[in-house]
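# Commentary on secondary and tertiary structure
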Amino acid sequence: MTILYTPLSAHDIFPMEEEMSVVYHEHNNCPLMCRKSEDGKKQIMQVLSTDPSHYMDPDLQPGQWLDS
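Here the residue index of a chain counts from 1 through its sequence in written order. Under the rules for a predicted model, residues below a pLDDT of 70 receive no local features and side-chain atom pairs below 80 are neither given nor counted, while totals for whole chains, interfaces and linings still include all residues. Excluding hydrogens and water, the side-chain figures rest on all heavy atoms present in the structure.

## Some words on the overall build of the chain
By definition, any uninterrupted DSSP run of H or I lasting at least four residues is a helix, any uninterrupted run of E lasting at least two residues is a strand, and each is numbered from the N terminus. From N to C terminus, the chain includes two helices and four strands. What you see in the chain, going N to C, is helices and strands ordered as α-β-β-β-α-β. In the chain, the share of contacts with a sequence separation of at least 24, taken over all contacts with a separation of at least 6, comes to 25%. For accessible areas, the Shrake-Rupley method is used with a probe of radius 1.4 Å. Any residue's cover is judged against the shown protein chains and nothing else. Surface summary for the chain: the accessible area is close to 5400 Å², and the carbon and sulfur share equals 52%. Whether two residues are in contact is decided by their heavy atoms: any pair within 4.5 Å suffices.

Structure (structure tokens):
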């Protein structure tokens, strides 16, 4: 087992599978990294905002689905 002490996220070190379609989307002035499904919906994977209130919004939590 190896422990990496780095400021990089695990996604940067271990890239995600290429099957996923990752898109960057802005919803209510909040930048998000989302996974795009085949039917056009987006699932929030990561909040990329510097505004702390965005992290407290239950509609912007990772795992939530966006229709647009």
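Read on, since the account is not over.
## Remarks on unusual backbone geometry
With glycine set apart, most residues show a phi of negative sign, and most peptide bonds adopt trans. Residues other than glycine seldom take positive phi values, yet Asn28 does so here, at roughly 55 degrees. Tracing the backbone through its elements, the reader meets Asn28 in the loop between strand 1 (21–27) and strand 2 (30–36). Exposed residues in this analysis have more than 50% of their type's maximum accessible area, buried residues have under 20%, and partly exposed residues fall in between, with area computed by a 1.4 Å probe over protein chains only. For Asn28, a relative accessible area of 56% gives the class exposed. Not every positive phi belongs to a glycine, and Asn29 is a case in point at roughly 60 degrees. Its place among the elements puts Asn29 in the loop between strand 1 and strand 2.

## Side note on the environment of His27
Residue position: His27 is located in strand 1. Using a relative accessible area of 22% as the deciding quantity, one classes His27 as partly exposed. With 39 residues separating them in the primary sequence, His27 and Leu66 have C-alpha atoms 8.7 Å apart. Beyond its immediate stretch of four places on either side in the chain, His27 contacts Leu32, Leu60 and Leu66.

## Structural notes on the sheet that holds strand 1
Taken together, four strands build an open sheet; the order of strands is 1-2-3-4 and the sheet is antiparallel. Both outer strands of the open sheet, strand 1 and strand 4 (65–66), are each paired with one neighbouring strand and no more. Paired strands, in this sense, are two strands between which DSSP finds at least two bridges. Pairing of strand 2 with strand 3 (residues 42–47) involves five bridges; the strand directions are antiparallel. When the sheet's bridge partners are listed, Arg35 is paired in strand 3 with Gln43.

## Some remarks on the pairing of strand 3
In terms of burial, strand 3 is a largely internal element, five of the six residues being buried. In textbook terms, the turn of a hairpin is the stretch between consecutive antiparallel strands, and for strand 2 and strand 3 this stretch comprises five residues, one of which, Gly40, has a positive phi near 95 degrees. Both strand 3 and strand 4 contribute to a ladder of two bridges, which runs antiparallel. Across the sheet, residue Lys42 finds its bridge partner in strand 4, namely Leu66.

Spatial relationships are all this shows, so hold off on functional conclusions.
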